[in-house]
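Chain residues, written in single-letter form:
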Amino acid sequence: MDWKRLFQFALLGGSDFEQYAILLVRVSIGLFFAISGGNKLFSAGGTKPVYETLVKADVPFPRQTAYFVAGVEFVGGSLVTVGLLSSPASAALMIDMVVATLTSAVSTIPKGLSPLSWLDDFLYLPEVLYVLFFIWLICSGPGKFSVDYWLAGKLWR
């Protein structure tokens, strides 16, 4: 056994597997948003919960905004899944999650917590995790197993 290589992997990770990690995260989060947006758009009453949340948050034009948000999730999620226009799609979905966090998710955190406990609850919100994934995907790029990578190879030859 190569102890030096094992120790190096434990400290620095394995860049040999990085493309597979990007693929796994990109496809998983993309499918999640594509399915979620699709259910909102194509199921009877699918936008109703979004509409009610937007009304509670006093967002203007709640009905139109509910369809817009569902469309962003469906189209953006589909694009992220296949790795086409991944960074702009990730940015749109990240903005969607920041708005969801500010208009809805933060209100679920109990009042009167210490700052550390509040931060703990905040970081536990799924929307915050999605934002972090999108930041990572924007910074890392869509990876070698993506339409963007294939297109870039065709354009710069």
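Coordinates for the structure precede this section.
Quick caveat: nothing in here was measured; it's all calculated off a predicted structure.

### Concerning the side chain of Arg26
Position of Arg26 among the secondary structure elements: in helix 2 (residues 18-42). No salt bridge forms around the buried Arg26; measuring N to O, its nearest opposite-charge neighbour Asp148 is 7.2 Å away. A distance of 2.7 Å separates a polar atom in the side chain of Arg26 from the backbone oxygen of Thr81. Setting aside residues up to four positions removed in sequence, Arg26 forms contacts with Val80, Thr81, Val82, Gly83, Ser86, Leu137, Pro142, Phe145 and Ser146.

### Overview of the pattern of salt bridges
Using the criterion set out here, one finds three salt bridges in the structure. Salt-bridge contacts for Arg5 lead to Asp16; the nearest nitrogen and oxygen are separated by 3.6 Å. Here Arg5, found in helix 1 (residues 3-12), pairs with Asp16, found in the loop between helix 1 and helix 2; they are eleven residues apart in sequence, far enough to count as distant. The residues Arg5 and Asp16 share a single accessibility class, namely exposed. Lys48 is paired through a salt bridge with Glu52; the nearest N and O atoms lie 3.9 Å apart. One end of the pair is Lys48 and the other is Glu52, both in helix 3 (residues 48-56) and four residues apart, which spans about a single turn. When its relative accessible area of 40% is taken as the criterion, Glu52 is described as partly exposed.

### Brief notes about the packing of helix 4 (residues 62-82) against helix 5 (residues 86-103)
Running from N to C, helix 4 and helix 5 cross one another at 145°; their axes reach a closest spacing of 9 Å. The handedness of the crossing between helix 4 and helix 5 is left-handed. Listed contacts from helix 5 to Val69, Val72, Glu73, Gly76, Gly77, Leu79 and Val80 of helix 4 are Ser86, Ala89, Ser90, Ala92, Leu93, Asp96 and Met97. Residues that form the contact of helix 4 with helix 5 fall into these classes: eight nonpolar, four polar and two charged.

### Focus on the packing of aromatic side chains
Overall, the coordinates contain eight aromatic pairs when judged by the stated rule. With a centroid separation of 6.4 Å and an interplanar angle of 85°, the aromatic rings of Phe9 and Phe17 are classed as edge-to-face. For Phe9, a relative accessible area of 42% puts it in the partly exposed group. Geometrically, the ring pair formed by Trp118 and Phe122 is stacked, given 5.1 Å between the ring centres and 10° between the ring planes. With Trp118 and Phe122 both in helix 6 (residues 115-124) and four residues apart, this pair spans about one turn of that helix.

### Looking at the nonpolar core
Core analysis: the largest hydrophobic core is formed by 13 residues, its most contacted members being Ile29, Phe33 and Phe134. Those elements that provide at least two residues to this core are helix 2, helix 4, helix 5 and helix 7 (126-140). Filtering out sequence-adjacent residues up to four positions away, Ile29 remains in contact with Val80, Tyr130, Phe133, Phe134 and Leu137.

### Structural notes on helix 2
Between its terminal C-alpha atoms helix 2 stretches 35 Å, which fits the 36 Å expected from 25 residues at 1.5 Å a residue. Those residues of helix 2 not exposed but buried are Ile22, Val25, Arg26, Ile29, Gly30, Phe33, Ala34, Ser36, Gly37, Gly38 and Lys40. Packed against the buried residues of helix 2 are helix 3, helix 4, helix 5 and helix 7.

### Topic: the side chain of Ser146
Counting through the fold element by element, Ser146 comes out in the loop between helix 7 and helix 8 (147-155). In terms of polar contacts, Ser146 uses its side chain to reach the backbone carbonyl oxygen of Gly143, at 2.8 Å. When residues no more than four places from it in sequence are discounted, the contact partners of Ser146 are Arg26, Val82 and Gly83.

Definitions and cut-offs
The residue count restarts for each chain, going from 1 along the sequence in the order it is written. The predicted origin of the model limits local features to residues at a pLDDT of at least 70 and limits the giving and counting of side-chain atom pairs to 80 or more, whereas totals for whole chains, interfaces and linings rest on all residues. Each side-chain value is worked out from all heavy atoms of the structure, with water and hydrogens disregarded. In this text, helices come from DSSP runs of H or I with a minimum length of four residues, and strands from runs of E with a minimum of two, each type numbered from the N-terminal end. Working definition: with a 1.4 Å probe on protein chains only, accessible area under 20% of the residue-type maximum means buried, over 50% means exposed, and in between means partly exposed. Charge assignment: positive for Lys and Arg, negative for Asp and Glu; neither His nor the chain ends contribute. A side-chain nitrogen of Lys or Arg and a carboxyl oxygen of Asp or Glu constitute a salt bridge if their distance falls within 4 Å. Any N or O atom pair separated by 3.5 Å or less is treated as a polar contact, with the protein-specific requirement of one donor-capable and one acceptor-capable atom, and with residues adjacent in sequence counted only for side-chain atom pairs. Residue contacts are defined here by distance: any two heavy atoms, one from each residue, within 4.5 Å place the two residues in contact. To define axes, lines are fitted to C-alpha atoms, for helices over the stretch in contact only, and angles between the resulting N-to-C directions are given on a 0 to 180 degree scale. The crossing is said to be left-handed when, going from far helix to near helix, the turn is anticlockwise and less than a right angle, and right-handed when the turn is clockwise. Amino acids outside the nonpolar list (Ala, Val, Leu, Ile, Met, Phe, Trp, Tyr, Cys, Pro) and the charged list (Asp, Glu, Lys, Arg) are all regarded as polar, and Gly is one of them. Only Phe, Tyr and Trp rings are paired, with Trp represented by its six-membered ring, and only when their centres lie within 6.5 Å; those with planes under 30 degrees apart are stacked, over 60 edge-to-face, the remainder tilted. Take the buried residues of types Ala, Val, Leu, Ile, Met, Phe, Trp, Tyr and Cys, join any two whose side-chain atoms come within 4.5 Å, and each joined set is a nonpolar core. Here a helix's expected span is defined as the number of its residues, less one, multiplied by 1.5 Å.

None of the figures reported here should be taken as evidence of function without further support.
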